[in-house]
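Structural features, examined
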Amino acid sequence: MIKIMIVSFMLLFILFLIYAILPTIFIRMSGRKIVKRIHEPAIALTFDDGPAPFSNQIIKQLEKYQFKATFFMIDGNIKRYPEAVKLMVKSGETVGLHSVSHSQKKFYKSKKTVLNELNQNRDTLMKVSGVNSFIMRTPYGSAPNMTNEYKKAVKENGYIMWDWNIDSKDWYYKDKRYVNSVIDQIKQKKHHNGPLVILLHERKETLAHLPKLLDYLRKHGYEGKPIEKTTEPIQF
């Protein structure tokens, strides 16, 4: 009986080595970058265009439901509401970049304008928060304006571009319908293999109905995770 138990233990230990430890050792020895993936039931809530005078209320709701989020912020708004940015960092949210002009015409004019706006945006965020973030989202998403040349340039400069795969359309509905839209899209993606990244905006209407969305996500077992620099990005 004791011999059987010893053999069983040894087999389990060998399996543990094969599936848990050895792959990590191999990755480190080979120099490959370890990339994190957001898996269900984890979900990434992302808020664009902030910060805003009511950013603290958004964070309060996130904390109530034990969610973390990612905030893609515009240069001028960072300067306008620095305390909101500091609160995001203190609360453990991820802070990212969302341009200076938020103008398709200005931002996407050339490779140079793309990089100049991101660099200025990053410098401002660094001065206000102390966070040197390379996580970014382009104005209105990367398609169709981010050419291959632009994508290559931002990547070579260390920036990590994020889009989304669930558009709440809160900017369009401006009421509780955006929550229904998100829920419908989540249901449609129930067999989706990969992260769910929800596009939201720092709007009063979004804040007003955010508890309904967070309540649904919690009741259905989703965990709100912030984007990290090692997280594999969703891109169009």
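Quantities reported herein were computed from a predicted structural model and do not represent experimental measurements.

Attention now moves to the overall build of the chain. When its secondary structure is counted, the chain shows 10 helices and 8 strands. A total of 236 residues make up the chain; the buried ones form 45% of that total. Entry remark: accessible area of the chain is about 13,400 Å², with carbon and sulfur atoms responsible for 56%.

Moving on, we come to the side chain of Asp163. Looking at the element boundaries, Asp163 is found in the loop between strand S5 (160-161) and strand S6 (166-167). In this structure Asp163 is buried but unpaired, with Arg137 as the nearest side chain of opposite charge at 5.4 Å. Beyond its immediate chain neighbours, meaning those up to four positions away, Asp163 contacts Arg137, Gly141, Ser142, Val197, Ile234, Gln235 and Phe236.

Moving on, we come to the packing of helix H2 (residues 55-64) against helix H10 (residues 204-219). At their nearest, the axes of H2 and H10 sit 10 Å apart, and the two run at 15° to each other. Judged on the interaxial angle alone, H10 and H2 are roughly parallel. Of the two elements, H2 crosses H10, and the hand of that crossing is right-handed. Facing Gln57, Ile58, Gln61 and Leu62 of H2, the residues of H10 in contact are Leu207, Leu210, Pro211 and Leu214. Taken together, the residues of the contact of H2 with H10 break down into 6 nonpolar, 2 polar and no charged.

Now for the nonpolar core. Counting residues in hydrophobic clusters, the biggest one holds 48 residues, and the most contacted among them are Leu45, Phe71, Ile186 and Leu217. Here this core takes 6 residues from H10, the largest share from any one element. Core analysis: the second largest hydrophobic core is formed by 10 residues, Ile135, Trp164, Leu199 and Ile234 among them.

Looking down a regular strand, the side chains alternate between one sheet face and the other. Extensive coverage of strand S2 (residues 69-73) is indicated by the burial of 5 of its 5 residues. Burial of the side chains of S2 extends over both faces: Ala69, Phe71 and Met73 are buried on one face and Thr70 and Phe72 on the other. Here strand S1 (residues 42-50) pairs with S2 via 5 bridges, running parallel. Its bridge partner being in S2, Gly50 is matched across the sheet by Met73.

Running from N to C, H2 and helix H4 (residues 82-91) cross one another at 15°; their axes reach a closest spacing of 9 Å. Classified by the interaxial angle, the pair formed by H2 and H4 is roughly parallel. For H2 against H4, the interelement crossing comes out left-handed. Every residue of H4 that contacts H2 at Ser55, Asn56, Ile59 and Glu63 is listed here: Ala84, Leu87, Met88 and Ser91.

With that settled, consider H4. Buried within H4 we find Ala84, Val85, Met88 and Ser91. End-on, the buried residues of H4 take up no more than an arc of 130°, which puts them together on one face. H4 presents Glu83 and Lys90 as exposed residues on the side facing more than 90 degrees away from its buried surface. Those residues of H4 that are buried are in contact with H2, S2, helix H3 (75-80), strand S3 (94-97) and helix H6 (111-129).

Conventions used here
- Residues numbered from 1 in each chain as written.
- Predicted model: local features only at pLDDT ≥ 70, side-chain atom pairs only at ≥ 80, totals over all residues.
- Heavy atoms only, no water.
- Helix = DSSP H or I, 4+ residues; strand = E, 2+ residues; numbered from the N terminus.
- Buried < 20%, exposed > 50% of the residue type's maximum accessible area, 1.4 Å probe, protein only.
- Areas by Shrake-Rupley, 256 points an atom, 1.4 Å probe, with all protein chains shown as cover.
- Lys, Arg positive; Asp, Glu negative; His and termini not counted.
- Salt bridge = Lys/Arg side-chain N within 4 Å of Asp/Glu carboxyl O.
- Contact = heavy atoms within 4.5 Å.
- Axes fitted to C-alpha atoms, helices over the stretch in contact; angles between N-to-C directions.
- Parallel < 35°, antiparallel > 145°, perpendicular 65-115°, else oblique.
- Left-handed = near helix turned anticlockwise from the far one by under 90°.
- Nonpolar A, V, L, I, M, F, W, Y, C, P; charged D, E, K, R; others polar.
- Core = buried A, V, L, I, M, F, W, Y, C linked by side-chain atoms within 4.5 Å.
- Pairing = 2+ DSSP bridges.
- Arc of directions from axis to C-beta.

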